[in-house]
Each structure stands twice: as structure tokens, then as C-alpha cells.
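Commentary on secondary and tertiary structure
Spelled out from the first residue to the last, the chains are:
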Amino acid sequence: MDEILSQAEIEALLASLTGEGEPAEATEGAMAPSPVAAVEARPAGKADGRAIAYEVYDFRRPDKLSKDQMRTLQMLHETFARLLASSLTTHLRVSAHVDLVSVEQIPYDEYTRSLTSSIINVFSIPPLAGQALLEIEFSVVLSMIDRRLGGPGNMVKSNLVLTEIEQALTESIVTQALKDLKAAWEGVAKFNPRHERMETQAQFIQIVPPNDVVVSILFEVKVGDLRGAMSLCIPYMLLKPISSKLSAQRWFSSTVKGGISKDAQAVIRQLQTTHVTCVCRLGNASMSVRELLNLRVGDTVPLGRRCTEEVDLLLGDRVKFRGKPGRAGRKVALHINRTASDDDAADRA
């Protein structure tokens, strides 16, 4: 007589088959392990055959910003990378690329310890209280300076010391980068970044306590054939007043509701004074080339349209309006009756 397994025994056997149990190897003449043994052999940390969900949390690196806010920061600085690449290409007269590599939350001390051979620029972001950092690798800065002075972009210095002229040129590059940063952030918050000072040693810069959380944004910069790194360090305490705005949905809605920019208004004004050719099409006629060549003054060509029907007014090759032909004083005119629908325009065009 066959033995009928209970529900608990069936679940234990299924668990052992899917790898959750530790089935023993079957040998000739040996008995199969009992379902009870399979249940007792389940690893610790599981209940009823299901894994307990948990998430590793590092108390030394607490997450202050949510995933949605981090995604918004990523989108903002992807825009900043595109704007900066365009600006560098224009000013250096060479192909430049800036790519966003990563956006992460780390302690400030960990960020500073990762900096080597860099030009570190401290800037403020009024009306937000606090300071942030823009760090560029020394080799990238020297290559940009060489190209600004008409050179091929070679790095010729071995020490981390800039002359006064090189400092002025570096500051002009940083100022342009801050303008692009302001433009990228315009949809979230309006601020005016201001360059404060320049350092080459990270230990001389302490914008926040070592254990405070900062947002580290890493970029890869390519100027000509030279590649290097650039990064932004924005303290969480600086972003805290506007953290509620760091939402992708709110950012897109504010961008739509932000109104028309000055450049867009100038384009609209220019378009409003642009002349457009309008054609009134009275009808269509089909004839052979012989009939066309034999046309003489006084001949009548039927247009396939009744005199009481509306005629088309075309803008370019698209039917936009319909109306009745007539006269305005001594001139031939068209009285517009209605706007042509897309379906009618497709049929008539």
C-alpha cells in the first residue's frame, strides 16, 4: 500500500529539490532522508522555507538623500556635463567631452582622501548657505591652459604650482564651469555660484566636518587626446533646504511651468515678422502635354470644383484654411470661413 505524504512533508521535499534543503546523496541500500530531517536541516535565517528580507546598512555612511533625489541629481549633472563640453569646445577650439561617471553619498573625509594632484576650487552658492568644491586633475588644467595660449595641449609642468597667469586662466575656466552649473540647476533652484579660492592640497580645505555626508559627483573629461577626472563635492547640509525640490516629477513640472525664456521670446518675435507665402488653390485639372501646349487665350479649363464650393488656402504644401473667393475693392480676395482639419488637409493636399 502506497504511503500518502502530508502537506508539511511535500513542502519539505520541494524545498530540498530547489536547493533550500541539504539533500543527502542516495547510495545503494541506504534509506532516503526523512522529510522531518530535511525540515530541520534548513539554514538559519529562513522561516517557513522563505528567506528573510534585509538590507545592509553602513552607519558610517548614512544615506541622507533618497534614490529619487539621487536620480534627479544625476539628470541635473548629465545636463551640466553636456553644457560644459560645449563650452570647452568653444573656448579651447578642440573637441572636448565631459561624461558623468557616478553620483554617490560619502563622508567628506573619504572624498578628500581620494584627491591627488588636483586643482581644488572652493565656491559658494548664494542664497544657499555653505561652500562646495570643484576639483579638476592637474594634468587636465595644464592641458586646457596650454590650448588657451595656442599650444598643442601638452602638460609641461611637474610641480603643483601655478603662476599668476596660469591661476587667472584656470579661474576663467572654473568661472565658465560655474555658469554651466547654474544653467543646469535652473529648473530646480536659482542660485549664483561664486568662485572663492583655489588650492592644491586637500588638507587645507575644510568646508564641513570630516564625518559629514557629501554628494560626490565624478566626471571624465577628455580634451583632445588627453583624459582626466573632474569632480564636484556638494555637502548635504547645503542641499538640505532644497531637498524637497530634488524630485524628478517636480523638476519636470517646474520646467514646464517655468514660462518662456528670453531666447525663446526673441525667436518668437523674429518668427512673427517672418513673411510666409500663401497660395489660394481654386481647383485641380488634369490634361495631357499636347492639350497644355495647344492652350490659347480665351480657352476654358474646367477645375473640377463647383463655383459654390470652398477653395483651399495653402501655407507651404499644407492646406490650412478654407474659404470663398471674392473681391475686396478692385483686388481678388479670399474670405476665410474655417480652419481645415488634418484629415481634410491630407485629402486635399
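Below is a summary of the structure that appears in this document. (Residues numbered from 1 in each chain as written. Predicted model: local features only at pLDDT ≥ 70, side-chain atom pairs only at ≥ 80, totals over all residues. Heavy atoms only, no water.)

With that settled, the discussion passes to a nonpolar patch on the surface. A surface patch of nonpolar side chains, about 460 Å² in accessible area, is lined by Leu282, Met287, Leu292, Leu295, Val301 and Leu303. Take Leu295: its relative accessible area is 35%, and that puts it in the partly exposed class. (Patch = residues over 30% accessible without salt bridge, like charges linked within 9 Å, V, L, I, M, F, W, Y side chains within 5 Å. Areas by Shrake-Rupley, 256 points an atom, 1.4 Å probe, with all protein chains shown as cover. Salt bridge = Lys/Arg side-chain N within 4 Å of Asp/Glu carboxyl O. Buried < 20%, exposed > 50% of the residue type's maximum accessible area, 1.4 Å probe, protein only.)

Let us now look at the packing of aromatic side chains. Evaluated as defined, the whole model comprises two aromatic pairs. For the ring pair Phe80 and Phe219, a centre distance of 5.5 Å and an interplane angle of 75° mean the geometry is edge-to-face. Note that Phe80 is positioned in helix H3 (residues 67-92) and Phe219 in strand E7 (residues 213-223), a separation of 139 residues in sequence. Taken individually, Phe80 and Phe219 each receive the classification buried, so the pair is uniform in this respect. Measuring from centroid to centroid gives 5.7 Å for Trp185 and Phe191, while their planes differ by 55°, and the two rings are tilted. Like Trp185, the residue Phe191 is buried in the burial classification. (Phe/Tyr/Trp six-rings, centres within 6.5 Å; stacked < 30°, edge-to-face > 60°. Helix = DSSP H or I, 4+ residues; strand = E, 2+ residues; numbered from the N terminus.)

This part is about the packing of H3 against helix H5 (residues 138-148). Two numbers describe how H3 lies on H5: the axes approach to 9 Å, and their chain directions differ by 40°. Compared by their axis directions, H3 and H5 come out oblique. Judged by residue contacts, Leu88, His91 and Leu92 of H3 engage Met144, Arg147 and Arg148 from H5. Along the lines of polarity and charge, the residues of the contact of H3 with H5 split into three nonpolar, one polar and two charged. (Axes fitted to C-alpha atoms, helices over the stretch in contact; angles between N-to-C directions. Parallel < 35°, antiparallel > 145°, perpendicular 65-115°, else oblique. Contact = heavy atoms within 4.5 Å. Nonpolar A, V, L, I, M, F, W, Y, C, P; charged D, E, K, R; others polar.)

We now examine the environment of Ile165. By the element assignment, Ile165 lies in helix H6 (residues 164-184). On the basis of relative accessibility, which here comes to 58%, the residue Ile165 falls in the exposed class.

This brings us to the pattern of salt bridges. In this structure the tally under the stated criterion is nine salt bridges. The partner of Arg71 in a salt bridge is Asp68, with the nearest N and O atoms 3.6 Å apart. Taken together, the positions of Arg71 and Asp68, both in helix H3 and three residues apart, correspond to about one turn of that helix. Its relative accessible area of 27% is what places Asp68 among the partly exposed residues.

Disulfides are covalent bonds that connect the sulfur atoms of two cysteines. For the structure on display, the rule yields zero disulfides. Distance from the sulfur of Cys280, which forms no disulfide, to the nearest cysteine sulfur (Cys278) is 10.0 Å. (Disulfide = S-S within 2.5 Å.)

The next subject is the environment of Pro241. Relative to the helices and strands, Pro241 resides in the loop between helix H7 (236-239) and helix H8 (248-257). A relative accessible area of 58% means that Pro241 is categorised as exposed. For the pair Pro241 and Ala129, spaced 112 residues apart in sequence, the C-alpha separation works out to 9.2 Å.

Looking now at helix H1 (residues 7-17). Those residues of H1 that sit buried are Ala12, Ala15 and Ser16. Taken around the axis of H1, the buried residues stretch over an arc of 95°, which confines them to a single face. Structural note: H1 exposes Gln7 and Leu17 on the side pointing more than 90 degrees away from its buried face. (Arc of directions from axis to C-beta.)

This brings us to the nonpolar core. Counting 53 residues, the largest nonpolar core has Leu73, Leu88, Val98, Trp185, Met230 and Leu239 as the members making the most contacts within it. Per-element tally for this core: the top contributor is H3, with nine residues. Setting aside residues up to four positions removed in sequence, Leu73 forms contacts with Leu65, Val103, Trp185, Val215, Leu239 and Leu246. Within the second largest apolar cluster, 13 residues are counted, among which are Tyr111, Leu133, Ile207 and Cys233. (Core = buried A, V, L, I, M, F, W, Y, C linked by side-chain atoms within 4.5 Å.)

Further remarks concern the sheet that holds strand E9 (residues 278-281). Sheet architecture is open: four strands sit in the order E9-E10-E11-E12, paired in antiparallel fashion. If you trace the sheet from one side to the other, it starts and ends with E9 and strand E12 (331-339), each paired once. The sheet shows a mean angle of 40° between the axes of neighbouring strands, direction not considered. Pairing of strand E11 (residues 318-328) with E12, which is carried by eight bridges, proceeds in the antiparallel orientation. Looking across to E12, one finds that Gly323 is bridged to Ile336. (Pairing = 2+ DSSP bridges.)

None of this, on its own, says anything about what the molecule does.
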